[in-house]
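Geometric and topological summary
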Amino acid sequence: MPELPEVETMRRGILSIVGRQIAHAERAACKRRPIAIRPRIDLFRRRVEGKTVTAIERAGKRVVIWLSAIAGKSADTNQLPGTQAIVIEPRMTGLVLLGNPPTQEHLRFRLRFRKTGAATNGRHTHDANEVLFWDRRGLGTVSLLSADEFAAKYGGESKTLGPDALRLSVSELKNRLHSSRRAIKVALLDQRAIAGIGNLYASEILNVAGIHPAARCHRLGREQWNRLHAAIPLVLEEAIRFEGSTLSDGTYRNALNESGGYQNYHRVYDRAGQTCPTCGRGTVRRIVQAQRSTFFCPHCQRR
DNA sequence: CATATGTCCTGAGAGC
DNA sequence: TGCTCTCAGGACATAT
């Protein structure tokens, strides 16, 4: 379930590896069916060994580790911060960690770094020496892309990934969705339209915006688009401040294997039967849209 | 093209 | 108690 706030928390959690040089990349020795790693691990390893991490970015719900042959030097052919990108896609249960995985059983991939100049003034550095990808269900993926491949797949003109939910103007939001016949909740999950919103935050955002999840996009009015545009960063930034949501299954953790805190502040998600905290009047309801749960307040969320 | 549905996967929890 | 069943929802493939 990692969505934008959880993936952003993962990204921030591994920023300390910027500047580090990769010693080794490997599949973790787990007995489960191997996750998808592209290209094949031996080729992957050959292409990343000795490279330096230049930046950690986020592309929608993916963590992107940029690499360059020389520390701090960007690719000169474009504005991207490196020549190759390791793209980690957590999907349902994947975690990006600086060591200390919840179980060894579900450890899938490991990126080891060369040791830094060891002790400075007799004090050892606390830099992490590895980044791990842990995934209980094994639906996540790790891919190595050239800068060009990355640009084609996730760049500005990409058809697979829309503009990031945190960097979205009202007109962009409206232009991308207003002609759709789909229910607004379903459309918000479409990563080609807007990148980063998943099932949990779609419900939270619509509650804050006061919009009924089944409202059809093409019927929404100007005022509703404005409220939606305001609610998106409000909810996502609030969730980032609390380092994301760890649901009752306890799966999601930050890079240090600590729980998030935003689950305690959910307004509607998984709160069917409770009083809506936004209006204090309605009772939160659960419905199913496109085979996914939606939670909303029938009192204050209007079509 | 737009939209809808099926699939992958594991572990928790329900029900008998 | 232990079995079987259902459900959770990321991205993508396939169908309409």
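Above: the structure in question.
Residues numbered from 1 in each chain as written. Chains lettered and ligands numbered in written order. Predicted model: local features only at pLDDT ≥ 70, side-chain atom pairs only at ≥ 80, totals over all residues. Heavy atoms only, no water.

1. A word on the sheet that holds strand β2 (residues 36-38)
Reading across from one edge, β2-β11-β5-β4-β3 is the order of the five strands in this open sheet, with mixed pairing throughout. Of all the strands in the sheet, the pair left with one neighbour each is β2 and β3 (52-59). Across this sheet, the average inter-strand angle for adjacent strands is 20°, counted without regard to direction. Looking at chain direction, strand β5 (residues 84-89) and strand β11 (residues 141-146) are connected through six bridges and run antiparallel. Looking across to β11, one finds that I88 is bridged to V142. Where helix α1 (residues 4-13) meets the sheet, its contacts fall on β3 and β4 (62-68), and the angle it forms with β3 comes to roughly 170°. Strand contacts of helix α3 (residues 147-154): β3, β4, β5 and β11, with the helix running at about 115° to β11, the strand carrying the most contacts. (Pairing = 2+ DSSP bridges. Helix = DSSP H or I, 4+ residues; strand = E, 2+ residues; numbered from the N terminus. Axes fitted to C-alpha atoms, helices over the stretch in contact; angles between N-to-C directions. Contact = heavy atoms within 4.5 Å.)

2. Observations concerning the protein's contact with DNA strand C
The full set close to DNA strand C counts 15 residues, and M92, L139, N199, Y269 and R286 are the nearest of them. Those atoms of DNA strand C that come within 4 Å of the protein belong to sugar or phosphate at a rate of 59%. One of the side-chain nitrogen or oxygen atoms of R137 is found 3.0 Å away from a base nitrogen of DNA strand C. One of the side-chain nitrogen or oxygen atoms of R286 is found 2.5 Å away from a phosphate oxygen of DNA strand C. (Near = heavy atom within 4 Å. Polar contact = N/O pair within 3.5 Å; in protein donor to acceptor, adjacent residues only side chain to side chain.)

3. Concerning helix α6 (residues 199-209)
Burial analysis of α6 places 10 of its 11 residues in the buried class, which makes it a mostly covered element. For α6, every residue scored as buried is listed here: N199, L200, Y201, A202, S203, E204, I205, L206, N207 and A209. Of the surrounding elements, those touching the buried residues of α6 are α1, α5 (184-188), α7 (222-241) and β13 (292-296). (Buried < 20%, exposed > 50% of the residue type's maximum accessible area, 1.4 Å probe, protein only.)

4. Overview of the pattern of salt bridges
Inspection of every chain in the model, using the stated rule, returns 15 salt bridges. Between R40 and D42 there is a salt bridge, with the nearest N and O atoms lying 3.0 Å from each other. Using a relative accessible area of 56% as the deciding quantity, one classes R40 as exposed. Here the salt bridges share partners, and the residues they tie into one network are E8, R11, R12, R58 and D164. (Salt bridge = Lys/Arg side-chain N within 4 Å of Asp/Glu carboxyl O.)

5. A word on the protein's contact with DNA strand B
Close to DNA strand B lie R32, R33, H106, R136, R137, L139, S180, R181, R182 and R192. Atoms of DNA strand B within 4 Å of the protein belong to the sugar or the phosphate in 78% of instances, the rest to bases. Taking H106, its side chain carries an N or O atom lying 2.7 Å from a phosphate oxygen of DNA strand B. In the environment of DNA strand B, a phosphate oxygen lies 2.7 Å from a nitrogen or oxygen atom belonging to the backbone of R181. Split by residue class, the surface near DNA strand B holds one nonpolar, two polar and seven charged. (Nonpolar A, V, L, I, M, F, W, Y, C, P; charged D, E, K, R; others polar.)

6. So, the nonpolar core
Counting residues in hydrophobic clusters, the biggest one holds 38 residues, and the most contacted among them are L177, I184, L188, I194, I205, L228 and I232. Elements with a minimum of two residues in this core: α4 (170-177), α5, α6 and α7. Top element by residues in this core is α7. It accounts for eight residues. Beyond its immediate chain neighbours, meaning those up to four positions away, L177 contacts I184, A187, L188, A193, I194, C217 and W225. Grouped together as the second largest cluster of nonpolar side chains are 36 residues, I17, I37, L95 and F109 included. (Core = buried A, V, L, I, M, F, W, Y, C linked by side-chain atoms within 4.5 Å.)

7. A word on the sheet that holds strand β1 (residues 22-27)
Here we have four strands laid out as an open sheet, ordered β1-β7-β10-β6, and antiparallel in their pairing. Where the open sheet ends on each side, the last strands, each with one partner, are β1 and β6 (94-97). Each adjacent strand pair in this sheet contributes to an overall mean axis angle of 10°, direction not counted. As judged from the five bridges shared by strand β7 (residues 107-113) and strand β10 (residues 130-135), these two strands associate in the antiparallel manner.

8. Section: the environment of L67
Tracing the chain through its elements places L67 in strand β4. Residue L67 is classed as buried on the basis of its relative accessible area, which comes to 0%. Each C-alpha atom, one on L67 and one on A85, is 6.0 Å from the other, the two residues being 18 residues apart in sequence. Not counting the four nearest positions on each side in its chain, L67 is found in contact with I22, V48, K51, T52, V53, T54, G82, T83, Q84 and I86.

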